[in-house]
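# Survey of secondary and tertiary structure
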Amino acid sequence: MEKPVCPFPDKGTLADDLLETIRAKRQRDIQWQAGRSFCLIYYPGEEREHAIKKIFDAYYADSGLNPTATPSLAELEAETVSMCASLFNGTAETCGNVTTGGTESILLAVKTARDYARKTKPHIKKPNVVLPQSAHPAFMKAFHFLEVDFIATPLNSDYSADVAAMEKAINENTIMLVGSAPAYAHGVMDNIEAIAALAKRKNLLCHVDACIGGFMLPFIKQLGYAVPPFDFSLEGVTSLSADLHKYGYAPKGSSAILYSNHELRKHQFTLYTKWNGGVYGSPTITGTRNGGCIAAAWAALKVIGNEGYMEMAAVTMQVTDKVMKAISEIPELQIISRPVMSMVSFQSHAIDVYMLADELNKRGWHFERQQLPPSLHFTFNYIHHAVADEFIADLKACVEAVKDKRLKQLGNKVQTAAVKGLSKILPAGTLAKFNKAGAEEIDNENKAAMYGMMGALSGTDDLEKIVLDFLDNIYTAKPNK
Ligand SMILES: Cc1ncc(COP(=O)(O)O)c(C=O)c1O
């Protein structure tokens, strides 16, 4: 049997040496510090980062597992939730917890709904949640883990939830409705007012996914942007998730899940009272919780405050408006729908957007490639004020460069169709096998062919196999080159 690639270290290593190792490894990472990434990272600037880090460091080694051991952390968590409740028009009854991220907040909202239904609607044996197709896959993860069914409903032509379709989908086993404020892919806001009213009328719970919008919408509203109601100001809203580690500008590993009342939240907690180690009660999914993240979430709200968030939201919207104007002046590109805030996606009827993506990548820009329809997605934040003009110039140049590649695009289409056919006869659809099978353009520099193929294979078992192989490979240690 071959041994694992990495031996267990014999002795300790100096941090400076480790930093050297990391420096080399990080060369391949996105250069977000230079504002080159339009996803994943939200950065409030050096001064604010420094202040938030100080509080993180103060709790670096602390655990939020046992609130009686660190009552100060429990207090910081409760205060964070209370500040969020104020921001989202809650009452003194509004309660919740700090979690590790949007996915955990959503998992908890689904668990709470499931367990609340078990108690209040015991006749429901196979509960389901009705949500628009645009809802974040974190919900599907939650449904999978918690064995809750779901009914994903079609969207309106503007990519918002079709509330009439949601109403039609509700059946005797439905326990909750979901709306996004806004949904990630196209930055489009669902009609939360209508979804919440429908939930109330049908005696269902209503979760608002404000993971990405929670710490932008209240501030751009104050700046005069049109923001429809989405929070506890609406009577039917029973829970809301908002990520502190996105536009809250807290470090990664912090989100808030809020409920309209304490009775509901009690169904979020997990108890086991018969363990020989003692009575075990845990508010969220993880056991031990990083004290630093909880404290830093509290600190971000305190350090930045309404004024700071308004300032950063204003800068972010200036960048967004500027880039949107530039995109709308490029005839080959069409902005998808009307984003409510700072996430913009565009498609093209004239050029291959995945080829455009490759060109932009070559110039050091990082963003998301989307499917259904093929489009590119950009999330803007405060860090981008310094790069907007350079990005616009590059975008224009890259569109020009791709225009000349139309013939090649045709080739890729043929290739995609060929691979689609080929995938049906491959025993195991691995990316490597696709590569060997002749999709010669799959490499880090030119991914257009690969994304074209993935679009063609969307929803198939073959694509699932490819992605599983990819994940398995990327989380496996490789020998040092
Ligand atoms: C609308 C929405 N919901 C949920 C999530 C999941 O959040 P996380 O990646 O923090 O788990 C995201 C992430 O982008 C999101 O945009």
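This text gives an overview of the structure that appears in the document. A quick note: this is a predicted structure, and the numbers were derived from the prediction, not measured.

## Concerning the pairing of strand 11 (residues 343-347)
Burial analysis of strand 11 places five of its five residues in the buried class, the great majority of the element. Burial of the side chains of strand 11 extends over both faces: Met343, Ser345 and Gln347 are buried on one face and Val344 and Phe346 on the other. Here strand 10 (residues 334-335) runs beside strand 11; their pairing, made up of two bridges, is antiparallel. The residue bridging Ile335 from the neighbouring strand is Phe346, located in strand 11. Two elements, strand 11 and strand 13 (residues 375-379), share four bridges in a ladder whose sense is antiparallel. Paired with Val344 across the two strands is Phe378, which belongs to strand 13.

## Regarding the site of the ligand
Lining the immediate surroundings of the ligand are 13 residues, of which Gly102, Thr103, Asp209, His245 and Lys246 lie closest. Side-chain polar atom of Asp209 to a nitrogen atom of the ligand: 2.7 Å apart, as the coordinates give it. Here His245 contributes a side-chain N or O atom positioned 2.8 Å from an oxygen atom of the ligand. About the coverage of the ligand: the protein hides 83% of its 390 Å² of free accessible area. No other element matches the three residues that helix 4 (residues 102-120) contributes to the shell around the ligand.

## Some words on the sheet that holds strand 10
Pairing is antiparallel across the open sheet formed by four strands, whose spatial order is 10-11-13-12. In this open sheet, the two strands that pair with only one neighbour each are strand 10 and strand 12 (368-370). Relative to the sheet, helix 11 (residues 353-362) contacts strand 11, strand 12 and strand 13, its axis offset from that of strand 13 by approximately 45 degrees.

## Side note on the environment of Cys211
By secondary structure assignment, the location of Cys211 is in the loop between strand 5 (205-209) and helix 8 (217-222). When the C-alpha positions of Cys211 and Ser105 are compared, they lie 8.7 Å apart, and in sequence the two are 106 residues distant. In this view, Cys211 contacts Gly102, Ile106, Ser241, Ala242, Asp243 and Lys246; residues no more than four positions away in its chain are not counted.

## What to know about the sheet that holds strand 6 (residues 239-242)
Two orientations exist for strands paired in a sheet by backbone hydrogen bonds: parallel and antiparallel. Strand order in the open sheet formed by seven strands is 1-7-6-5-4-2-3, and the pairing between neighbours is mixed. At either margin of the open sheet sits one strand with a lone partner, and together these are strand 1 (95-99) and strand 3 (149-153). Neighbour-to-neighbour, the strand axes of the sheet open up by a mean angle of 20 degrees, direction not taken into account. In this structure, strand 2 (residues 128-132) lies alongside strand 3, joined through five bridges in parallel fashion. Bridge pairing in strand 3 places Asn128 opposite Asp149. Relative to the sheet, helix 5 (residues 138-146) contacts strand 2, strand 3, strand 4 (174-180) and strand 5, its axis offset from that of strand 2 by approximately 170 degrees. Sitting on the sheet, helix 7 (residues 192-201) is in contact with strand 4 and strand 5, with an inclination near 170 degrees to strand 4.

## A short note on unusual backbone geometry
Peptide bonds are, in most cases, trans, and in most cases residues other than glycine have a negative phi. Geometrically, the link from Ala181 to Pro182 is a cis peptide bond, its omega value of -10 degrees lying close to zero. Considering the arrangement of structural elements, one finds Pro182 in the loop between strand 4 and helix 7. Of note, the amide linkage connecting Leu372 to Pro373 takes the cis form, showing an omega dihedral of 0 degrees. With respect to the helices, strands and loops of the structure, Pro373 is situated in the loop between strand 12 and strand 13. Of note, Tyr159 is a non-glycine position whose phi angle comes to about 75 degrees, a positive value. In this structure, Tyr159 sits in the loop between strand 3 and helix 6 (163-169).

So, how was this worked out
Residues numbered from 1 in each chain as written. Predicted model: local features only at pLDDT ≥ 70, side-chain atom pairs only at ≥ 80, totals over all residues. Heavy atoms only, no water. Buried < 20%, exposed > 50% of the residue type's maximum accessible area, 1.4 Å probe, protein only. Helix = DSSP H or I, 4+ residues; strand = E, 2+ residues; numbered from the N terminus. Pairing = 2+ DSSP bridges. Near = heavy atom within 4 Å. Polar contact = N/O pair within 3.5 Å; in protein donor to acceptor, adjacent residues only side chain to side chain. Areas by Shrake-Rupley, 256 points an atom, 1.4 Å probe, with all protein chains shown as cover. Contact = heavy atoms within 4.5 Å. Axes fitted to C-alpha atoms, helices over the stretch in contact; angles between N-to-C directions.

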